[in-house]
There are 2 protein chains.
Amino acid sequence: MRDVVCLAHDLPPDGPDSLDDLPGAGRLDLCCRVVTSGLLTSHAVREDAAVHLVVQDEFTVRFDGRSVRHLRPDERSTAARIRDALDAKSGAIGHQEAEPSPGVAVGRFGLAATLSRLDGPLLHCHEAGTPLAEEPVPEDPTFVLSDHRDFTDAEAALLADRADSRVSVGPERLHADQTVTVAHNWLDTDGYRSY
Amino acid sequence: MRDVVCLAHDLPPDGPDSLDDLPGAGRLDLCCRVVTSGLLTSHAVREDAAVHLVVQDEFTVRFDGRSVRHLRPDERSTAARIRDALDAKSGAIGHQEAEPSPGVAVGRFGLAATLSRLDGPLLHCHEAGTPLAEEPVPEDPTFVLSDHRDFTDAEAALLADRADSRVSVGPERLHADQTVTVAHNWLDTDGYRSY
């Protein structure tokens, strides 16, 4: 599996008030695009991938490409799926997630607990990291990235402790979903060697 | 300049009826994402880039990174900009575009005329093309790609005649905006050599 963990610092755990202003709902638009870039290609789902949105270090909404159904590429429909997941969070108890629809789950996990549930090498996406093209192509990696905000000191410390490497996707600071697209493309092409 | 030309086969020239169903408006959601991936990075505009949406081979909506203002990354706000451009199309006469807001213009051009207005090497994004990583990194390229539909026979014939090369971005068929992100990253890194 390829796992993408995105820190949603501003997304309200109670979800958006409206689907008409996704940027105003703690940058829910950005979270939707990360789900789309993480799981969808043209007319297909990446069945070897999952996206984990860590909401204010309190809850994690998980989209699993193996089982998710009816995921569409536009922001608004994905926002409704995230809203529905957050609406179901009272059903998440202890380590047990609630799963309001197949392949969409919500758990009472922050970043540390979410990372503990994942195997495979952990790659911290960071502008000061190793060039992606110089990094060995891993099996079953987890990419961790932040939304429009920088990593907090606590997140940076946790990742410094747990990450196997820090990787840079290029000289430009990209949006989170753009970073995910570049990471997938790197893996898809086996490090830009197989097209 | 980096130019991105995206064929919007289904987008109605009269624009969307509503901003609440962008996929239903001829995949306006997809067009918005192409504008975003073509012009925005994290907290910045790509001032060396422009995006041209060729609407049913009849009109072209152009977003110019050198002069566009207040472009935001979410689909809905970008959809409103595209709607406003299409609303202004009666002001486009002959070769003269209408420019309803700085950096956003609409002209009575189809694909052939849009390509004729652009200099620089023309790269046709196609799954059967040369691997991007094997292609020399061009100066001031134009990338041409299609929306959720394949190129029509007429478009394919035009591109076979005019394109300098056909390039593949990888073994997966990506969304149009994902393809643009990969293309930008390839250029940003000078062919995956400079991070």
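The rules behind the values
- Residues numbered from 1 in each chain as written.
- Chains lettered and ligands numbered in written order.
- Predicted model: local features only at pLDDT ≥ 70, side-chain atom pairs only at ≥ 80, totals over all residues.
- Heavy atoms only, no water.
- UniProt positions renumbered as here; feature names shortened; annotations may be inferred.
- Least-squares fit on C-alpha atoms with pLDDT ≥ 70 in both.
- Helix = DSSP H or I, 4+ residues; strand = E, 2+ residues; numbered from the N terminus.
- Buried < 20%, exposed > 50% of the residue type's maximum accessible area, 1.4 Å probe, protein only.
- Contact = heavy atoms within 4.5 Å.
- Polar contact = N/O pair within 3.5 Å; in protein donor to acceptor, adjacent residues only side chain to side chain.
- Axes fitted to C-alpha atoms, helices over the stretch in contact; angles between N-to-C directions.
- Parallel < 35°, antiparallel > 145°, perpendicular 65-115°, else oblique.
- Nonpolar A, V, L, I, M, F, W, Y, C, P; charged D, E, K, R; others polar.
- pLDDT = per-residue confidence, 0-100.
- Buried area = accessible area lost by both parts, 1.4 Å probe.
- Salt bridge = Lys/Arg side-chain N within 4 Å of Asp/Glu carboxyl O.

- By the naming in an unreviewed UniProt entry, chain A is tRNA (pseudouridine(54)-N(1))-methyltransferase, taken from Haloglomus irregulare.
- Recorded in UniProt for chain A, the comment headed Subunit (unreviewed entry) runs: "Homodimer."
- In its Catalytic activity (unreviewed entry) section, UniProt records this for chain A: "pseudouridine(54) in tRNA + S-adenosyl-L-methionine = N(1)-methylpseudouridine(54) in tRNA + S-adenosyl-L-homocysteine + H(+)".

## Examining the relation of the copies chain A and chain B
Both copies of the chain are tied together by a single rotation about an axis and a shift running along it.
No. 1: In the superposition of chain A on chain B (RMSD 0.0 Å, axial shift 0.0 Å), the rotation amounts to 180 degrees. Look at the turn and shift together and you get a two-fold axis relating the two. Identified as the residue of chain A closest to the rotation axis by C-alpha distance is A:V182, at 3.0 Å.

## Re the environment of A:E99
Residues and elements named next belong to chain A.
No. 1: Examined against the element boundaries, E99 turns out to sit in strand β6 (residues 98-101).
No. 2: Given the relative accessible area of 51%, E99 is considered exposed.
No. 3: Residues E99 and K89 lie 10 residues apart in sequence; the distance between their C-alpha atoms is 9.0 Å.
No. 4: The contact partners of E99, leaving out residues within four places of it in the chain, are V104 and A105.
No. 5: For E99, the side chain forms a polar contact with the main-chain nitrogen of G103, separated by 2.9 Å.

## Describing the packing of helix α5 (residues 176-188) of chain A against helix α5 (residues 176-188) of chain B
No. 1: Relative to each other, α5(A) and α5(B) sit at 80 degrees, their axes nearing to 9 Å. Considering the angle they form, α5(A) stands roughly perpendicular to α5(B). In this structure, α5(A) uses A:Q178, A:T181, A:V182 and A:N185 to contact α5(B), whose residues at the interface are B:Q178, B:T181, B:V182 and B:N185.
No. 2: Residues of the contact of α5(A) with α5(B), tallied by class, amount to 2 nonpolar, 6 polar and no charged.

## Here we look at the confidence of the model for chain A
No. 1: On average, residues of chain A carry a pLDDT of 97, and 100% of them reach 70 or more.
No. 2: This prediction of the complex comes with two scores: 0.98 for pTM and 0.98 for ipTM.

## Things to note about the interface of chain A and chain B
No. 1: Opposite the 37 residues of chain A that make contact, chain B presents 37 residues.
No. 2: Where chain A abuts chain B, roughly 3200 Å² becomes buried across the two surfaces, and 59% of that area is made up of carbon and sulfur atoms.
No. 3: Linking chain A with chain B are 2 salt bridges.
No. 4: Across the pair B:R76 and A:D20 runs a salt bridge whose closest N-O atoms are separated by 3.4 Å.
No. 5: Our count for the contact surface shared by chain A and chain B stands at 15 residue pairs in polar contact (both at pLDDT 80 or more).
No. 6: Broken down by element, the side of chain A that touches chain B gets its largest block of residues, 5 residues, from α5(A).
No. 7: Classifying every residue of the side of chain A that touches chain B gives 12 nonpolar, 14 polar and 11 charged.

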